[in-house]
Amino acid sequence: MRHAALALVATCLAALATIPAKAETLIAALSTHRIAIASNFTGDQLAIFGLVERDGRSVARADPFDIVVTVRGPQRMLIVREKERVGPIWINRTQRRFPDRSIYLSVATNRPIKEILSEDAARRDRIGLANAQRSQAGFDFDFDIGRYRDALIRTLQGKQLYSLDERGITFLSPALFSSQIKIPATAPTGPYEVEVLLYAGGSVLARQTTNFEVVKTGAEQSMASAAHERPFLYGLATAVLALLFGWLATVIFRRD
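Let us now look at the overall build of the chain. Scanning the chain from terminus to terminus reveals 7 helices and 12 strands. Looking at the chain residue by residue over its 256 residues, the buried ones come to 33%. Pairs at least 24 apart in sequence give 70% of the contacts found in the chain among residues at least 6 apart. When the accessible surface of the chain is totalled, it reaches about 16400 Å², and 58% of it is carbon and sulfur.

Here we take up the pairing of strand 7 (residues 105-109). When you tally the buried positions in strand 7, you get 5 out of 5 residues, the bulk of the element. Alternating positions in strand 7 separate into two faces, Leu105, Val107 and Thr109 on one and Ser106 and Ala108 on the other, with burial throughout. Examined bridge by bridge, strand 7 and strand 8 (residues 162-165) share 4 bridges and lie parallel to one another. If you follow Ala108 over to strand 8, its bridge partner there is Asp165.

The phi angle at Arg126 is positive, at roughly 60°, despite the residue not being glycine. Counting through the fold element by element, Arg126 comes out in the loop between helix 3 (119-125) and helix 4 (129-132). With relative accessibility at 18%, the residue Arg126 sits in the buried group. Phi at Gln160 is positive, roughly 65°, even though this residue is not glycine. Take Gln160: it is sitting in the loop between helix 5 (145-158) and strand 8.

Turning our eyes to something else, we now look at the sheet that holds strand 1 (residues 24-30). Pairing is antiparallel in the open sheet, where 4 strands are placed in the order 1-3-10-9. Here the strands that pair on one side only, and so sit at the sheet edges, are strand 1 and strand 9 (169-171). Ignoring strand direction, the axes of neighbouring strands in this sheet form an average angle of 20°. Relative to strand 3 (residues 44-54), strand 1 runs antiparallel, the two being bridged by 7 bridges. Within strand 3, the position partnered with Thr25 by the bridge is Glu53.

Each value, and the rule that gives it
- Numbers given to residues run from 1 along each chain, matching the order in which its sequence is written.
- Only residues with pLDDT of at least 70 get local features here, since the model is predicted, and only at 80 or more are side-chain atom pairs given and counted; chain-wide, interface and lining totals rely on the full set of residues.
- Side-chain descriptors were evaluated using all non-hydrogen atoms of the structure, hydrogens and water having been removed beforehand.
- A helix here means a DSSP run of H or I that spans at least four residues, while a strand means a run of E at least two residues long, and both kinds are numbered starting from the N terminus.
- For the exposure calls, accessible area comes from a 1.4 Å probe over protein chains only, and a residue counts as buried if that area is under 20% of its type's maximum, exposed if over 50%, partly exposed in between.
- Contacts were defined at the residue level, with two residues in contact if any of their heavy atoms lie within 4.5 Å.
- The accessible surface values rely on the Shrake-Rupley method and a 1.4 Å probe; as for residues, cover is taken only from the protein chains in view.
- Only strands that DSSP links by at least two bridges are regarded as paired with each other.
- The axes used here are C-alpha line fits, helices contributing only the stretch in contact, and every angle between their N-to-C directions lies in the interval 0 to 180 degrees.

Take a look at the structure:
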């Protein structure tokens, strides 16, 4: 029995020895993990820095390193409607729903995506604005969904909520890189996930995720909390203030 146990341990150690050690380790950090929105908020940006550490015993790779940074914001139910003109008016013809999709999406790379990995690999890894909106299963049952997805991307790009910068990552050295994440004034509050992928020769070598949060502060946060926690009192106070300001306007601007 003892010899059998020793044989089993030896077999396990031999199997572990055949597993290659990871040659590269990816380390990434953000300049801040909290962006505060006040009444004068016009947008902000935060920096991401990263370092690729190599195992000194491994042989240097022939292919250069590539970095893909994807930032995904809070998820919402997004609806795209197609309008059709009927006589003098426009009506909603059809629509498509995109459940649990990021309302904010930013993709940055150090060079064009097509030069980093193949189209199939980009679809599999959900790299790029269109691929990031695909289902987790990797395919869609609705074959007409493509044009609605493209319309969704164009709409959110127009609102500066979606962005793709294929020169948005700078290598400060062969192993040190940096990038800027721009947060527009229209960015929704909530948690944001930052995914950093390290590629070489079209293959993923390492992956790291981090996060930050966009929150309201000051009077804006107090009003938002009051609206959600005490909606009746908030509505009553709003109506009273509207009547008060209306009465003050009539007093100030009356001509008699």
